[in-house]
Amino acid sequence: SDLHRTKWNKDIEDKASGFFNALPNWLDPKIVSTGNSEVVELLSDAALNPEQQLIFLYFVTTLAINSEIAAGLFRIAEQAESNYSAMGWRVSCVVMGRSELVSKSIELANVRDYGLAEKVTFQIESDSYFEVEEPLPALVCSIKGNTIAAIYNNKSIKNKLFNQNVRLGMTTNINKDIAATAVDAEKSRNFFYYNNGITAVCSNYEFLNDNTIEAENLQVVNGAQTVSALAKSVGSGGAVTRSTNATVLFRLIATGEGGSRKSDLADEITKYQNTQNAVKESDFFSNEPFQLWLSKNLASRLSNKGAVPAFYYQHKRGWKPSTRSGEAITIERMAQLRHAIYYGPAISYNSPRLYWVKGQPQYWQAFGRKGQECQTWNEEELGEIGWAITTNLNLQSEANELKRKSRSKSEENLEAKYLSYLSRYVTSVAFQVMDYLMGDENIPSFSEQIQSKQLFDKYSSEIIRHIRILLLSEMKNAYGIQGNSRLAIARDEKKFDSLKDQTIEAVRNGLVRIN
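As a starting point, this report considers the structure included with it.

Calculation rules
- Position labels on residues start from 1 in each chain and follow its written sequence.
- Totals for whole chains, interfaces and linings use every residue, but because this is a predicted model, local features are given only for residues with pLDDT of at least 70 and side-chain atom pairs only at 80 or more, for both listing and counting.
- Side-chain metrics in this entry use all non-hydrogen atoms of the structure; hydrogen atoms and water are not considered.
- Only runs of H or I of at least four residues qualify as helices and only runs of E of at least two qualify as strands under DSSP, and these elements are numbered from the N terminus.
- Partly exposed residues are those whose accessible area sits between 20% and 50% of the maximum for their type, while under 20% is buried and over 50% is exposed, using a 1.4 Å probe and protein chains only.
- The contact criterion used is simple: two residues touch if any of their non-hydrogen atoms lie within 4.5 Å.
- The term salt bridge refers to a side-chain nitrogen of Lys or Arg lying within 4 Å of a carboxyl oxygen of Asp or Glu.
- Each patch is built from salt-bridge-free residues with over 30% relative accessible area, joining like charges within 9 Å and nonpolar side chains (Val, Leu, Ile, Met, Phe, Trp, Tyr) within 5 Å.
- The Shrake-Rupley method, run with a 1.4 Å probe, gives the accessible areas here. Residue values count only the displayed protein chains as cover.
- Note on ring pairs: Phe, Tyr and Trp rings are taken, using the six-membered ring of Trp, and paired if centres are within 6.5 Å. Classes follow the plane angle, with under 30 degrees stacked, over 60 edge-to-face and the rest tilted.
- Multiplying 1.5 Å by the residue count of a helix minus one yields the expected span of that helix.
- We define a polar contact as two N or O atoms separated by no more than 3.5 Å, with the added condition that, inside protein, one atom must be a possible hydrogen donor and the other a possible acceptor, whereas residues neighbouring each other in sequence contribute only through side-chain atom pairs.
- For this analysis, a nonpolar core means a set of buried residues of the types Ala, Val, Leu, Ile, Met, Phe, Trp, Tyr and Cys, connected via side-chain atoms within 4.5 Å.
- A pair of strands is considered paired only if DSSP assigns at least 2 bridges between the two.

## Describing the overall build of the protein chain
Thinking step 1. On a plain count of helices and strands, the protein chain comes out with 21 helices and 11 strands.
Thinking step 2. Of all 515 residues assigned to the protein chain, the portion counted as buried reaches 48%.
Thinking step 3. Considering only intrachain contacts with a sequence separation of at least 6, the fraction spanning at least 24 residues in the protein chain is 71%.

## Here's the deal with the pattern of salt bridges
Thinking step 1. With the rule as written, the count across this model stands at 14 salt bridges.
Thinking step 2. Its salt-bridge partner being Glu379, residue Arg301 comes within 2.3 Å of it at the nearest N-O pair. Of this pair, Arg301 sits in helix H12 (residues 289–302) while Glu379 is found in helix H16 (residues 379–408), placing the two residues 78 residues apart along the sequence.
Thinking step 3. The exposed category is assigned to Glu379, whose relative accessible area is 53%.
Thinking step 4. For Glu327, the salt bridge is made with Arg333, and the minimal N-O distance between the two is 2.7 Å.
Thinking step 5. Three or more residues are tied together by salt bridges with common partners; here these are Glu398, Glu415 and Arg468.

## Describing a nonpolar patch on the surface
Thinking step 1. On the surface, Leu54, Phe56, Tyr58, Val60 and Leu101 cluster together to form a nonpolar patch covering roughly 400 Å² of accessible area.
Thinking step 2. The greatest single-element share of the nonpolar patch, amounting to three residues, is contributed by strand S1 (residues 55–60).
Thinking step 3. Its relative accessible area of 47% is what places Val60 among the partly exposed residues.

## Re the packing of aromatic side chains
Thinking step 1. Within this structure, the stated rule accounts for 27 aromatic pairs.
Thinking step 2. Both rings, one in Phe20 and one in Phe59, keep their centres 6.1 Å apart while their planes meet at 50°; by these two values the pair is tilted. Of this pair, Phe20 sits in helix H1 (residues 2–20) while Phe59 sits in strand S1; the two residues are 39 residues apart in sequence, bridging distant segments of the chain. For the pair formed by Phe20 and Phe59, the shared burial category is buried.

## So, H16
Thinking step 1. Here H16 is 30 residues long and its end C-alpha atoms lie 44 Å apart, about the 44 Å a rise of 1.5 Å per residue gives.
Thinking step 2. N-capping of H16 is provided by Asn378, with a side-chain oxygen placed 3.2 Å from the backbone N of Glu380.

## Examining unusual backbone geometry
Thinking step 1. A cis amide bond links Glu134 with the next residue in sequence, Pro135, at an omega value of 0°.
Thinking step 2. We note that Asn217 has phi near 55°; this positive angle belongs to a residue other than glycine.
Thinking step 3. By secondary structure assignment, the location of Asn217 is in strand S8 (residues 212–222).
Thinking step 4. Since its relative accessible area comes to 13%, Asn217 is described here as buried.

## Comments concerning the pairing of strand S6 (residues 198–202)
Thinking step 1. Where burial is concerned, most of S6 is hidden: five out of the five residues are buried.
Thinking step 2. Side-chain alternation along S6 places Ile198, Ala200 and Cys202 on one buried face and Thr199 and Val201 on a second face that is also buried.

## Here we look at the environment of Pro361
Thinking step 1. Positionally, Pro361 belongs in the loop between helix H14 (346–350) and helix H15 (362–367).
Thinking step 2. Each C-alpha atom, one on Pro361 and one on Glu373, is 9.8 Å from the other, the two residues being 12 residues apart in sequence.

## Thoughts on the environment of Val357
Thinking step 1. Along the polypeptide, Val357 turns up in the loop between H14 and H15.
Thinking step 2. With a relative accessible area of 32%, Val357 lands in the partly exposed category.
Thinking step 3. Residues Val357 and Ser282 lie 75 residues apart in sequence; the distance between their C-alpha atoms is 9.1 Å.

## Examining the nonpolar core
Considering soluble globular proteins, one finds that nonpolar side chains tend to be buried as a cluster.
Thinking step 1. Ranked by size, the top nonpolar core spans 88 residues in total, and within it Phe20, Leu298, Phe367, Trp377 and Tyr425 carry the most contacts.
Thinking step 2. Per element, the largest residue contribution to this core is nine residues, and it comes from H16.
Thinking step 3. Setting aside residues no more than four positions away along its own chain, Tyr425 makes contact with Pro345, Tyr349, Leu471, Ile489, Ala490, Lys495, Phe496 and Leu499.
Thinking step 4. Formed by 36 residues, the second largest nonpolar core is a distinct cluster that contains Phe122, Leu161, Ala215 and Val248.

## Digging into helix H17 (residues 423–437)
Thinking step 1. Look at H17: 21 Å from first C-alpha to last across 15 residues, which is about the 21 Å you get at 1.5 Å a residue.
Thinking step 2. Counting buried residues in H17 gives 13 out of 15 residues, a clear majority hidden from the surface.

## A look at the pairing of strand S10 (residues 311–314)
Thinking step 1. Residue alternation in S10 divides its side chains into two sets, Phe311 and Tyr313 and Tyr312 and Gln314, and both sets are buried.
Thinking step 2. Sheet analysis places S10 next to strand S11 (residues 327–330), joined by four bridges and oriented parallel. By the bridge assignment for S11, Tyr313 is matched with Ile329.

Okay, here's the thing in structure tokens:
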């Protein structure tokens, strides 16, 4: 009946919603501890961290994926994925039906059998190519996006294109940015310039006519995401169903080896094509005027002066000034630290990607003046970040020493398990406590405190020590030392406020002496 069908639809949608939105619970040690021993062990071993890991959640159903019910499941999956993305979590929510399970089975069989695409015929842009003869024959050309899609969507090829790649194409979860660009009438015209292109190897290739190529044992060794995204966005099955203006940079290298065997040079091609550093979101901010100002002024005015340890500001990955020593404070670390001292540490642990999302306030909350864009930092602001850097580096140094001592003794120091990770957390609590007390206590400013190690130790060290004692008690009694407890307390805003208030009261009641 319709009523029974409606209820059944709601039941399966409720299950999907519960599954896709369960990840925060799996990160909460208190909730995890209520599960059976197998669940607790699995989640503990997984050490889930969606900020650092790409996590796939697969909801599997025997429904046909194009059914009305499946459409509802897709909406639930997309909403959950959107919610996680807003938190800065790298989570993909995937619905798999009957046909997807069959397709996945075929893909895995291809991987198992190491089958190769024996002969592939395709066309290139006749006026856009050149060849290299030594040490291996190679063709560099442009090729239409539709052609790439058609090659992959040939039923006898599919994932066989990737069997000598270090990773398969993403068949159930494609790169949405690549796909969106490919189907956009205007942006797709610039696809050749936006995309890194595709590198493939083959046993040999030949021209059948001016622009038709036949390649034996074709294998994509770099660009699997591009191939998959084009295949899913502009093609379906064996025939292209959506046109695109996209053309792609394509390199084809003939190794001279047959079957599934590659030459040593081809192995090196695969290796080096897949070991280049990925571009981080923060990289796009490294050349902004304010970052250049920081790179010239931050360390020169603070590093190795007074109480501040030696450091240098690394606004761009790999950059190190020849005249500076000490620890690198990267652009990501600076954003997390400075945002944490003013706004609390939760976002720095929970959603650090928000600092690099244009249009969001977190970038200028981290680098600006009271959340607003600025060109420089004044002396007071330099003093505040100098105090935070000093505290954070000192805590990191002590955490490393605790780890070293713990490894050499039979009884492990509990703080050694979390202090390094939570050093920013302790720094932010201490900063806000100190900032509050400066209003009604006879305490020097942050700038004054970092003028000498004696002043810093006199006013700051006991407060930091007391916060560590409170944190140790919380970790032992409420959160537990192991697993995801460090992330759980770092995200707990109420606990942050509680530790701050307890420390302020301890100072006011004479339990913590600061002068």
